[in-house]
Structure formats: C-alpha cells, structure tokens
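# Chains, contacts and geometry: an overview
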Amino acid sequence: MLETSAGAVTTPGGHDMKTVLPLELEPLAQPDLLFCAYTAGFIDGDGCFTIRARGPAGAIATIYTGYLIVGQCDPRPLLRFQEVWGGAFLFCPSSDPKRRDHWRWTITGHGLRRLLDAVRPHLIVKAAAAALMQQLLDSLSDPDSRLCHQALRPQVLHFRAELRAQIIAVNGNQKAKSRDSRARAAAAAAAAAVELEVLSD
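As the structure is a prediction and not an experimental result, all values here were calculated from the model. (Residues numbered from 1 in each chain as written. Predicted model: local features only at pLDDT ≥ 70, side-chain atom pairs only at ≥ 80, totals over all residues. Heavy atoms only, no water.)

## Some thoughts on the overall build of the protein chain
Looking only at helices and strands, the protein chain has 5 helices and 6 strands in total. Each helix and strand of the protein chain, placed in order from N terminus to C terminus, yields the pattern β-β-α-β-β-α-β-β-α-α-α. Here the protein chain holds 201 residues, and 33% of them are scored as buried. Considering only intrachain contacts with a sequence separation of at least 6, the fraction spanning at least 24 residues in the protein chain is 61%. As displayed, the protein chain offers around 12,300 Å² of accessible surface, 58% of which is attributable to carbon and sulfur atoms. (Helix = DSSP H or I, 4+ residues; strand = E, 2+ residues; numbered from the N terminus. Buried < 20%, exposed > 50% of the residue type's maximum accessible area, 1.4 Å probe, protein only. Contact = heavy atoms within 4.5 Å. Areas by Shrake-Rupley, 256 points an atom, 1.4 Å probe, with all protein chains shown as cover.)

Here it is as structure tokens:
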C-alpha cells in the first residue's frame, strides 16, 4: 500500500521517489463512458494482457489465469484505476540507474472481466489480445472449469493452451512493430538532419 503524507507519495520500504506527487483525487465510484475510454487508452499504450499457465512439475499445465498489467512512472492514473476497477498495486524500483522507478497495476479474475466488458469497445492496439483474454475468461466460467483441474477434458486444456500461445504471439508482434516504428523514426530523423545540413551549406 502507498503511504501518503501532506499530499506526497512515499514508497513501501522508504524508497525515495525523487519527486513529490499530489494524490488529491475526487472519488469516482462508477466509471462513466469517458473514464472507460481513458482506461482503454492507457491499456493501448502501456498495458499487456498475459495468460499464465501452471501445474504439477513435469506435467501438463492445468491452471490458466488471465492478467492485465499496466506500468507507469507516475502512480496517479494507476491509483485511480485500482480505485475504480480493483486489482493490485505494486512499486517496482529500478536496478538500472539509467531507468526510472515505476509502478505496476495488475488485475485478474472477476475484476478483469468487468473491466473488459467496459473498455473493449474502445481498444485499438490491444483489441486482439483483449479478445483472446475474453475467450479465456469465458472458458474459465464454463461448467467444465468447475470440475477438478485434473478432470478437465483434454479439448478444454488444449483450447486454453492455444489461447495462451496466441496471446504470446500477438504481444510479440506488437513489440516488433514498436521496434520497427522507432527504427523508422530514427532513420527519418537522421535523414532530415542530413538534408538540413546540406541545405545550410
């Protein structure tokens, strides 16, 4: 949990945040359409849908859990998301002096289902990953999932494993596109600098 004093943010364990951030947020009990779109924008930019699988060592994974993780250097938006949607809030100190400390908001289970119902119409970049996550949540609420995990039909386990593989592929493609975009931007900037230098001669 965050500790606040005189409007400032202090981290668990007394970490120095280097900046003072006001936390004077008005209560927002129910998300309106504008807030749902705002949340979707954050997810598109800084969110990641992920599916984790676990099971007995050396055996086929039988337990699948869906998560949404959003990271941000400024904790205020994430605090608002936790207030409205639920979930967990974590401070992540950086071990690299060149990188800033950041905060992470994670949501799963019924809270994630409620969130998806509200924000999926507004998602663009993460729409495909959100659709896969919705399929997992629907599978987990299926009557089959109420059986002992070991008693789940092989088809159900295969379906969930395939969803996990697809969401990993989607996330990988988005990272690759982001790297390509940065490379193109750097190349364009370099070309513009050369052209400017030529014109100034």
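## Here's the deal with the pattern of salt bridges
Summed over the entire model, instances satisfying the criterion amount to 4 salt bridges. Across the pair Asp96 and Arg99 runs a salt bridge whose closest N-O atoms are separated by 4.0 Å. By relative accessible area, which is 31% here, Asp96 ends up partly exposed. The class for Arg99 is exposed, based on a relative accessible area of 62%. (Salt bridge = Lys/Arg side-chain N within 4 Å of Asp/Glu carboxyl O.)

## Considerations on the packing of helix H1 (residues 33-46) against helix H2 (residues 75-85)
Relative orientation and spacing of two packed helices are given, respectively, by the angle between their axes and the distance between those axes. In contact at an axis separation of 12 Å, H1 and H2 are set at 125 degrees when each is read in the N-to-C sense. One element, H1, and the other, H2, form an angle in the oblique class. Our pair here, H1 against H2, has a crossing hand that is left-handed. Counted together, Phe35, Cys36, Tyr38, Thr39 and Phe42 of H1 and Pro77, Arg80, Phe81, Val84 and Trp85 of H2 form the full contact between these two elements. Grouping the constituent residues of the contact of H1 with H2 by class yields 8 nonpolar, 1 polar and 1 charged. (Axes fitted to C-alpha atoms, helices over the stretch in contact; angles between N-to-C directions. Parallel < 35°, antiparallel > 145°, perpendicular 65-115°, else oblique. Left-handed = near helix turned anticlockwise from the far one by under 90°. Nonpolar A, V, L, I, M, F, W, Y, C, P; charged D, E, K, R; others polar.)

## Some words on the sheet that holds strand E3 (residues 47-54)
The strand order across the open sheet built from 4 strands is E3-E4-E6-E5, with neighbouring strands paired in antiparallel fashion. Among the strands making up the open sheet, the edge pair consists of E3 and strand E5 (88-92). With strand direction ignored, the average angle separating the axes of adjacent strands in the sheet is 30 degrees. By the bridge criterion, 8 bridges tie E3 to strand E4 (residues 63-72) in an arrangement that is antiparallel. Along E4, the bridge assignment pairs Ala53 with Tyr64. (Pairing = 2+ DSSP bridges.)

## Topic: the environment of Arg120
Secondary-structure assignment places Arg120 in the loop between helix H3 (109-119) and helix H4 (127-140). C-alpha of Arg120 to C-alpha of Gln134: the two residues are 14 residues apart in sequence and 9.4 Å apart in space. Residues in contact with Arg120, not counting those within four places in the same chain, are Ala130, Ala131 and Gln134.

## What to know about the packing of H3 against H4
Between H3 and H4, the least distance of the axes is 11 Å, while the angle of their chain directions is 135 degrees. The angle between H3 and H4 places the two elements in the oblique class. Taken as a pair, H3 and H4 cross one another with a handedness that is left-handed. Counted together, Leu112, Arg113, Leu116 and Asp117 of H3 and Ala130, Met133, Gln134, Leu137 and Asp138 of H4 form the full contact between these two elements. Counted by class, the contact of H3 with H4 contains 5 nonpolar, 1 polar and 3 charged residues.

## Let's talk about the side chain of Asp44
Position of Asp44 among the secondary structure elements: in helix H1. Among buried Asp, Glu, Lys and Arg side chains, Asp44 stands out as unpaired, with Lys126 the closest opposite charge at 5.9 Å. Of note is the side chain of Asp44, whose polar atom sits 2.9 Å from the backbone nitrogen of Val125. (Lys, Arg positive; Asp, Glu negative; His and termini not counted. Polar contact = N/O pair within 3.5 Å; in protein donor to acceptor, adjacent residues only side chain to side chain.)

## Re the confidence of the model for the protein chain
For any part of a model where pLDDT is low, the fine detail of the predicted coordinates should not be relied upon. The predicted model of the protein chain has a mean per-residue pLDDT of 76, with 66% of residues at 70 or higher. Across the protein chain, H1 holds the top mean pLDDT of 94, while strand E1 (residues 3-5) sits lowest at 42. Taken as a whole, residues 1-23 scores under 50 in pLDDT and shows 37 contacts with residues more than four places along the chain or in a different chain. (pLDDT = per-residue confidence, 0-100.)

## Examining the packing of aromatic side chains
For the coordinates displayed, the defined rule picks out 9 aromatic pairs. Arranged with centres 5.4 Å apart and planes meeting at 15 degrees, the rings of Phe89 and Trp103 form a pair that is stacked. Of this pair, Phe89 sits in strand E5 while Trp103 sits in strand E6 (residues 102-108), and the two are 14 residues apart along the sequence. Judged by its relative accessible area of 17%, Phe89 is buried. The exposure class assigned to Trp103 is buried, which follows from its relative accessible area of 1%. Put simply, the rings of Phe35, Tyr38, Phe42, Phe81, Trp85 and Trp105 pair up and form one aromatic cluster. One residue, Arg52, lies across the ring of Tyr67, its end atom 4.4 Å from the ring centre. (Phe/Tyr/Trp six-rings, centres within 6.5 Å; stacked < 30°, edge-to-face > 60°. Lys NZ or Arg CZ within 6 Å of the ring centre and 35° of its normal.)

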